[in-house]
Amino acid sequence: MPVIHPRIHTTVDVGKPPSPPDESRYKSIQIHYHGFAYLPHARGREIKSPRFLLNGHEWELGIYPGGGLHAHHIPRSPTYLKVVIRLCSKGSVTAAFDVKILNKFGVSECRLRSRSIDWNSDMISEWSWPEVMRRSKIFDGDILDDDGTLAIVLSMKEDAAATFVPKNPLIKMIEKMFNDETTADVCFEVCCSKGEEVEEDDDSAKRAKTSTPFYAHRSILLGCAPMLAALFDVEDTGCMVTAQISDVSPHIFHYMLSYVYGGSVPKEELKNHAKDFINATDKYSIVNLKLEAEAVYLSSTKFTVDNAMDNLLYADALNCALLKETVLDFLAENSTKAIKKISFTDLPGNVVKDLMLAFDRSKKRIINKYCSDSDEEEEDDDDEDYSLMRVCELRRKLDEKGLDVDGSREAMIEALNNSTGVDGATAED
């Protein structure tokens, strides 16, 4: 834009004025090269910035204080600063860049732009400006600040339309098949409630009114919910096969089956019906949803001495290992109150070992809090002792090995030990 004389307060345009650049889609980062005068300035010597993120991609900016090797070099010719932008992350993106060299007052002294480039980590991964600014100007002008720092602003404009690639549609396709009667080959008749189950003298019309149908696909159930698939133990004849469900409400079953088809359950639903989801998913082995419901129940429940034993017995009965561990930790931390108010006569024998571990964890927390310089516990961590690990860590290791993450603490430890034994035998062979 032309500079307006300070005494002129208005302008008249002849023809269409150039539109100002659209800066809204630019994402910028300012990079400081401290002590520029002392940076290596041999020709071809690059100084790289740390990697940084712009628009979800990883980049780095390199400068050649003494110019690049391929610059037109004539003896005693001026030396120019070279700037390089480089894509470091995998993948592709279409984007244009804008580079500004700022002076000590934060005003742009030099501005360079690239065209829109199809960046690809396997093909085009860098772009350079070989002659950005004379090295002598950097020192003679007001480019470096008082501390000798060179400031460069790098701006990126991503061409969103060119880079959009739809995700794999498989999940959406499977979600659309949920409860689709036209393509289903099995059907669940879910009773509204136990109180509404059909009596001996009820006719078929009454039976139909007291249950809700949910249509499913045997092949999907076999892969994602084998326990539900096992309800249809007859051979696939091509005809619709029906199974009755009377121990789960239609409301809970709807979300549970939707989850099998790739859907999700709203957090509010999990919070309001956490135990219903835990009961249903434990019975039909929808493991991930069970663990999700367990986590929501933990975050929304305040444990007290009055409800600790009920929660402990519930967790033990349904193999909710994380809930069980949390309650035992609570009892260990509040042992004085628990001993006075709780009767442990109903405590299952298999819980005693877990309770001792909880007391051990509580003791270690106290030692770490008041004896921070104690190294007694740090002896040998080379061999993993699964028996001392917390539930979340056990589940993470099971998941990494592709093993079932559900079950009691003892079952998880046994699975990991068996897996370690197999891995060791395979390595020796």
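Heads up: the structure comes first, above all this text.
Since this is a predicted model, take the numbers as computed values, not measurements. (Residues numbered from 1 in each chain as written. Predicted model: local features only at pLDDT ≥ 70, side-chain atom pairs only at ≥ 80, totals over all residues. Heavy atoms only, no water.)

A.B. asks: Help me understand the pairing of strand β7 (residues 108-113) in this model?
C.D. replies: Two faces, one strand: in a regular strand the side chains alternate between the faces of the sheet. Judged from the 5 bridges that link them, strand β6 (residues 92-102) and β7 form a sheet pairing that is antiparallel. Pairing of Asp-98 across the sheet is with Arg-113, part of β7. (Pairing = 2+ DSSP bridges. Helix = DSSP H or I, 4+ residues; strand = E, 2+ residues; numbered from the N terminus.)

A.B. asks: Got a minute to help me understand helix α12 (residues 321-333) in this structure?
C.D. replies: Note that an α-helix has 3.6 residues per turn; residues three or four places apart therefore point the same way. Compared with an ideal rise of 1.5 Å per residue, which puts 13 residues at 18 Å, α12 spans 18 Å between its outermost C-alpha atoms and is within 8% of the ideal. Counting buried positions over the 13 residues of α12 gives 11, a clear majority of the element. All buried positions along α12 are accounted for by Ala-321, Leu-322, Leu-323, Lys-324, Glu-325, Val-327, Leu-328, Asp-329, Phe-330, Leu-331 and Ala-332. (Expected span 1.5 Å × (residues − 1). Buried < 20%, exposed > 50% of the residue type's maximum accessible area, 1.4 Å probe, protein only.)

A.B. asks: Can you walk me through the pattern of salt bridges in this structure?
C.D. replies: A pair can form between side chains of opposite charge whenever their charged atoms are brought close. The tally for this structure, following the rule as stated, stands at 18 salt bridges. Where Glu-58 meets Arg-51, a salt bridge forms, and the shortest distance between an N and an O atom there is 3.6 Å. Classification of Arg-51 as exposed rests on a relative accessible area of 53%. Lys-324 serves as the salt-bridge partner of Asp-316, at 3.0 Å between the closest nitrogen and oxygen. Salt bridges here are not isolated pairs; linked through shared partners, they connect Glu-46, Lys-48, Arg-51, Glu-58, Glu-60, Arg-86 and Glu-126. (Salt bridge = Lys/Arg side-chain N within 4 Å of Asp/Glu carboxyl O.)

A.B. asks: How should the pairing of strand β13 (residues 241-245) be read in this particular structure?
C.D. replies: Only one face of β13 is buried, namely the one carrying Val-241, Ala-243 and Ile-245, since none of Thr-242 and Gln-244 on the opposite face is buried. One ladder, built from 5 bridges, connects strand β11 (residues 186-191) with β13; its direction is parallel. If you follow Cys-187 over to β13, its bridge partner there is Thr-242.

A.B. asks: Which parts of the structure should I look at to understand the packing of α12 against helix α15 (residues 391-400)?
C.D. replies: When two helices pack together, their arrangement is captured by the angle between the axes and the distance separating the axes. One can describe the packing of α12 onto α15 by two numbers: an axis separation of 9 Å at closest approach and a directional angle of 160°. Between α12 and α15, the angle is such that the two are roughly antiparallel. In this structure, α12 contributes Ala-321, Leu-322 and Glu-325 to the contact, and α15 contributes Val-391, Cys-392 and Arg-395. (Axes fitted to C-alpha atoms, helices over the stretch in contact; angles between N-to-C directions. Parallel < 35°, antiparallel > 145°, perpendicular 65-115°, else oblique. Contact = heavy atoms within 4.5 Å.)

A.B. asks: In this structure, what is going on with helix α9 (residues 274-283)? I would like to understand it.
C.D. replies: Residues of α9 that are buried: Ala-274, Phe-277, Ile-278, Ala-280 and Thr-281. The elements touched by buried residues of α9 are α7 (250-260), α8 (267-272), α10 (287-300) and α11 (305-317). Positive backbone phi, at 55°, marks Ser-285, one or two positions downstream of α9.

A.B. asks: Please explain the side chain of Asn-311 as it appears in this structure.
C.D. replies: By the element assignment, Asn-311 lies in helix α11. At 2.5 Å, the side chain of Asn-311 forms a polar contact with the side chain of Tyr-297. Among residues more than four places away in sequence, those in contact with Asn-311 are Lys-275, Tyr-297, Phe-303, Leu-323 and Val-327. (Polar contact = N/O pair within 3.5 Å; in protein donor to acceptor, adjacent residues only side chain to side chain.)

A.B. asks: How should I be thinking about the packing of aromatic side chains in this particular structure?
C.D. replies: What characterises a pair of aromatic rings is the spacing of the ring centres plus the angle enclosed by the ring planes. Under the defined criterion, the tally for this structure stands at 9 aromatic pairs. Three or more aromatic residues joined by ring pairs make a cluster, and in this case those are Phe-188, Phe-214, Phe-232 and Phe-253. Geometry around Tyr-64 places Lys-82 over its ring, the cationic atom sitting 4.7 Å from the centre. One Lys or Arg, Lys-275, reaches over the ring of Tyr-314 and ends 4.5 Å from the middle of that ring. (Phe/Tyr/Trp six-rings, centres within 6.5 Å; stacked < 30°, edge-to-face > 60°. Lys NZ or Arg CZ within 6 Å of the ring centre and 35° of its normal.)

A.B. asks: Would you explain unusual backbone geometry in this entry?
C.D. replies: Leaving glycine out, the prevailing phi sign among residues is negative, and the prevailing peptide bond configuration is trans. For Asn-179, which is not a glycine, the phi torsion comes out positive at approximately 55°. In this structure, Asn-179 sits in the loop between α3 (170-176) and β11. The exposure class of Asn-179 is partly exposed, given its relative accessible area of 30%. Despite not being glycine, Ser-285 has its phi angle at roughly 55°, a positive value. Relative to the helices and strands, Ser-285 resides in the loop between α9 and α10.

A.B. asks: For this particular structure, what's the right way to read the nonpolar core?
C.D. replies: For soluble globular proteins, nonpolar side chains are generally found buried alongside one another. By size, the foremost hydrophobic cluster in this structure holds 70 residues, and its most contacted members are Phe-188, Leu-221, Leu-228, Phe-253, Leu-257, Leu-323 and Leu-331. Once residues lying within four places of it in the same chain are set aside, the contact partners of Phe-253 are Phe-188, Val-190, Phe-214, Leu-228, Ile-245 and Val-248. Judged by nonpolar contacts, the second largest core, of 33 residues, contains Leu-54, Val-93, Leu-112 and Trp-129. (Core = buried A, V, L, I, M, F, W, Y, C linked by side-chain atoms within 4.5 Å.)

A.B. asks: How should I be thinking about the sheet that holds strand β12 (residues 211-216) in this particular structure?
C.D. replies: Within a sheet, neighbouring strands are paired by backbone hydrogen bonds and run either parallel or antiparallel to one another. Pairing is mixed in the open sheet, where 3 strands are placed in the order β12-β11-β13. Whereas interior strands pair on both sides, the edge strands pair on one side only; in this sheet they are β12 and β13. Put simply, the sheet's adjacent strands are angled 25° from each other on average, direction ignored. Contacts from α7 reach β11, β12 and β13, with the element oriented near 5° to β12.

A.B. asks: Hey, could you run me through the environment of Ser-155 in this one?
C.D. replies: One can find Ser-155 in strand β10 (residues 150-158). Using a relative accessible area of 7% as the deciding quantity, one classes Ser-155 as buried. It is 8.5 Å that separates the C-alpha atoms of Ser-155 and Lys-100, two residues lying 55 residues apart in sequence. Leaving out residues up to four positions away in the same chain, Ser-155 has contacts with Tyr-26, Lys-27, Ser-28, Ala-96, Phe-97 and Asp-98. A distance of 2.6 Å separates a polar atom in the side chain of Ser-155 from a polar atom in the side chain of Ser-28.

Structural measurements only, silent on function.
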